[in-house]
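These are the residues of each chain, in order.
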Amino acid sequence: MIKINNINLIYNNIHIIKNFSDKILYGEKIALVGSNGCGKSSILKILLKKLLPNNGSVTYSNQIKIQELDQEYDLLEKNNSVLENLSYGKDSIEINKKTYTIIGLLKKFLFSEDQIYSPAKSLSGGEISRLLLLKLFFKPSNVLILDEPTNHLDFKMLNFLEKFLMNYTGTVIFASHDRYFVNKISKKLWFFNKKGSISVNIGDIENIYQKIYKEKKFSLKTIIKKNLKLE
């Protein structure tokens with residue numbers, strides 16, 4: 001689906017991404033893991049063509065259809081109602097061969113009658129995350145790019161997202177600090193360190209975590225004490 005060839009990203013003389021290459025195949029679910037500020041969001045922006053690397057190239061399949069879930073909420077028309085942000089003049093949508101009414105879906109996602117007709121700017125962080133999650137279903141895609149998709153989601157919505165991504169037949173590329181979520185969804189991991197290098201790991205995610213953190217002298221108990229989040 002996507003071929004990354006020896007890309008570099010340098011900002012203020014600091015290597016954010018250093019000589020990174022990989023081939024992203026159809027159906028792969030790739031987790032981006034590392035500390036804050038290590039370059040995860042930057043490479044997602046490169047894949048979305050919102051940011052250019054200093055050198056190297058990224059090429060795409062002719063059939064690619066990318067949709068994104070952005071933690072910065074750029075995809076919403078904040079002055080439009082919640083319903084207007086989804087409907088695009090339609091009353092219903094088909095998801096996994098089932099037809100749902102737009103209002104019915106919004107209620108299923110815990111939006112009240114008042115909220116459905118209120119401006120999107122009136123929503124809380126958690127409500128915006130739910131609305132952005134719903135928007136993923138409304139456009140055809142074969143690649144999803146998600147930046148911290150579990151932020152602000154309650155348990156019910158998190159469980160829904162997990163099931164959706166596990167059943168999604170296309171490619172998923174996502175950044176997350178949530179170890180449980182990564183372990184549940186992914187079989188391939190890009191690990192970012194602070195010197196700009198990215199290691200590609202394929203296989204059992206739990207074993208990959210232990211290998212990475214053994215090398216960095218972290219114990220499993222330390223990780224658990226940090227609420228299963230990678231720092």
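Residues numbered from 1 in each chain as written. Predicted model: local features only at pLDDT ≥ 70, side-chain atom pairs only at ≥ 80, totals over all residues. Heavy atoms only, no water.

**Student:** Please set out unusual backbone geometry residue by residue, giving values where relevant.
**Tutor:** Phi at N13 takes a positive value of approximately 65 degrees, unusual for a residue other than glycine. With respect to the element layout, N13 can be found in the loop between β1 (2-11) and β2 (14-24). In this structure, E148 takes a positive phi of about 50 degrees despite not being glycine. Its location among the elements puts E148 in the loop between β8 (143-147) and α6 (155-167). (Helix = DSSP H or I, 4+ residues; strand = E, 2+ residues; numbered from the N terminus.)

**Student:** Provide a residue-level description of the side chain of K188, including the pertinent values.
**Tutor:** With respect to the helices and strands, the residue K188 is situated in strand β10 (residues 188-192). With near-sequence residues (within four places) excluded, K188 lies in contact with D22, K23, E28, K29, I30, A31, V200, N201, I202 and I205. (Contact = heavy atoms within 4.5 Å.)

**Student:** Describe in detail the pattern of salt bridges, supporting the description with residues and values.
**Tutor:** Under the definition given, this model contains 4 salt bridges. K50 is the partner of E68 in a salt bridge, and the nearest nitrogen-oxygen pair spans 3.0 Å. You can see E68 sitting in strand β5 (residues 66-69) and its partner K50 sitting in the loop between α1 (40-47) and β4 (55-60), a full 18 residues away along the chain. In this structure K50 comes out as partly exposed when scored by relative accessible area, which is 45%. (Salt bridge = Lys/Arg side-chain N within 4 Å of Asp/Glu carboxyl O. Buried < 20%, exposed > 50% of the residue type's maximum accessible area, 1.4 Å probe, protein only.)

**Student:** So what's going on with α6? Residues and values would help.
**Tutor:** Its 13 residues give α6 an end-to-end C-alpha distance of 18 Å, which sits within 8% of 18 Å, the value for a rise of 1.5 Å per residue. All buried positions along α6 are accounted for by M157, L158, L161, E162, F164 and L165. Mapping the buried residues of α6 onto a view down its axis gives an arc of 165 degrees, with all of them on the same face. Away from its buried face by more than 90 degrees, α6 exposes F155, K156 and N167. In this structure, the buried side of α6 is in contact with β3 (29-33), α3 (102-108), α5 (125-135), β8, β9 (171-175) and α7 (179-185). (Expected span 1.5 Å × (residues − 1). Arc of directions from axis to C-beta.)

**Student:** Could you give an account of the sheet that holds β1, with specific residues and numbers?
**Tutor:** Overall, antiparallel pairing links the 3 strands, which are arranged β2-β1-β4 in an open sheet. The open sheet is flanked by β2 and β4, the only strands paired with a single partner. Between one strand and the next, the sheet's axes are offset by a mean angle of 20 degrees, whatever the strand orientation. As judged from the 7 bridges shared by β1 and β2, these two strands associate in the antiparallel manner. Bridge pairing links I2 to I24 in β2. Lying over the sheet, α1 contacts β1, β2 and β4, oriented at roughly 130 degrees with respect to β1. (Pairing = 2+ DSSP bridges. Axes fitted to C-alpha atoms, helices over the stretch in contact; angles between N-to-C directions.)

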